[in-house]
Amino acid sequence: MSAIELNDTWKNQLQDVFASDSMQTLKHFLRTEKDAGKVILPHSSLWFNALNSTLPEQVKVVILGQDPYPTLGHAHGLCFSVLPEVRPIPKSLINIFKELQDDLGIANQNGHLQPWADQGVLLLNSVLTVQSGQANSHQGKGWEEFTDAIIHNLNQQTRPIAFVLWGAYAQKKGAIIDTERHFVIRSPHPSPLSAYRGFFGSKPFSKINQFLAQHSEQEIDWRT
């Protein structure tokens, strides 16, 4: 893991978890998978793309995903995001954009969410890698402890942060968040299997911007 690029600010905050047994187990697992010829997504240079895109002191919003897209060419280290040339856009992201248009009238066609990250939206998956074609294949291998540490560190900040927890998996992982200090949005996942159970109509984007405005923070421009 030491060869993978991560900015010094996050690295210093996460040095304890990097030295943990769970991360050593994860390193061994990933090395074994690679040696066996399995394709790991995204490319290793992008494993920490979310952290490198949004430094701790820049984080205003956290959107918590599950694991990367298992389709070759889709995942690039930001949850729910794909590279600009990817067509068709994944169905969960299509539903996110449908809700955005209903909420704020913004009609995004580009699935690349880097502009969100650049404004302080940490687009963090709970698990940062996946085997190509095998969704959820790297769950339970050690990434969860690492991303728990990220959420724990952000939770300790006195500056209020908006945490967006879509689906039961994210909501369970968000149990450590202090809801008296931070703003937490919970709703069903935007997946086609669950979006109609309450994701649509939840208006998360306007709620986030209202929260930021109340705390004298610059609102997010959700256009891509």
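It should be noted that the structure appears before, not after, this text.
Quick summary incoming for the structure in this document. (Residues numbered from 1 in each chain as written. Predicted model: local features only at pLDDT ≥ 70, side-chain atom pairs only at ≥ 80, totals over all residues. Heavy atoms only, no water.)

Things to note about the overall build of the protein chain
Reasoning step 1: When you go through the protein chain residue by residue, the secondary structure sums to nine helices and six strands.
Reasoning step 2: Rg of the C-alpha trace for the protein chain: 17 Å, near the compact-globule value of 17 Å for 224 residues, within the 12% margin.
Reasoning step 3: Taken along its principal axes, the extent of the C-alpha atoms in the protein chain is 50 × 40 × 25 Å.
Reasoning step 4: Put simply, the protein chain has 224 residues, and 53% of those count as buried.
Reasoning step 5: Restricting to contacts in the protein chain with at least 6 residues of sequence separation, those with at least 24 account for 68%.
Reasoning step 6: Of the roughly 10,500 Å² of accessible surface on the protein chain, 49% is carried by carbon and sulfur atoms.
Reasoning step 7: A gap of 6 Å separates the mean positions of the 19 positive and 21 negative side-chain charges of the protein chain. (Helix = DSSP H or I, 4+ residues; strand = E, 2+ residues; numbered from the N terminus. Rg over C-alpha atoms; globule rule 2.2 N^0.38 Å. Buried < 20%, exposed > 50% of the residue type's maximum accessible area, 1.4 Å probe, protein only. Contact = heavy atoms within 4.5 Å. Areas by Shrake-Rupley, 256 points an atom, 1.4 Å probe, with all protein chains shown as cover. Lys, Arg positive; Asp, Glu negative; His and termini not counted. Charge placed at Lys NZ, Arg CZ, Asp CG, Glu CD.)

Section: the pairing of strand β2 (residues 61–65)
Reasoning step 1: Burial within β2 is extensive, with five of its five residues counted as buried.
Reasoning step 2: Neither face of β2 is open: one carries Val61, Ile63 and Gly65, the other Val62 and Leu64, and all of them are buried.
Reasoning step 3: In terms of strand pairing, β2 meets strand β3 (residues 121–125) through five bridges, oriented parallel. Considered in β3, the bridge of Leu64 is made with Leu124.
Reasoning step 4: Pairing between β2 and strand β5 (residues 162–166): four bridges, direction parallel. Paired with Ile63 across the strands is Val164, a residue of β5. (Pairing = 2+ DSSP bridges.)

As for the environment of Glu217
Reasoning step 1: With respect to the element layout, Glu217 can be found in the segment after α9 (204–214).
Reasoning step 2: A residue is classified by how much of its surface remains accessible, and Glu217, at 26% relative accessible area, is partly exposed.
Reasoning step 3: For Glu217 and Ser45, which are 172 residues apart along the polypeptide, the C-alpha to C-alpha distance reads 31 Å.
Reasoning step 4: Sequence-distant contacts of Glu217, defined by excluding residues within four places in its chain, comprise Lys60, Arg159 and Leu212.

Details of the sheet that holds β5
What holds strands together in a sheet is hydrogen bonding between their backbones, with the strands either parallel or antiparallel.
Reasoning step 1: Taken in spatial order, the four strands line up as β3-β2-β5-β6 in an open sheet, and their pairing is parallel. Both edges of this open sheet fall to β3 and β6 (183–187), since each of them pairs with a single strand only. Across the sheet, the mean angle separating the axes of adjacent strands is 15° when strand polarity is ignored.
Reasoning step 2: Relative to β6, β5 runs parallel, the two sharing five bridges. Pairing of Val164 across the sheet is with Ile185, part of β6. (Axes fitted to C-alpha atoms, helices over the stretch in contact; angles between N-to-C directions.)

None of this, on its own, says anything about what the molecule does.
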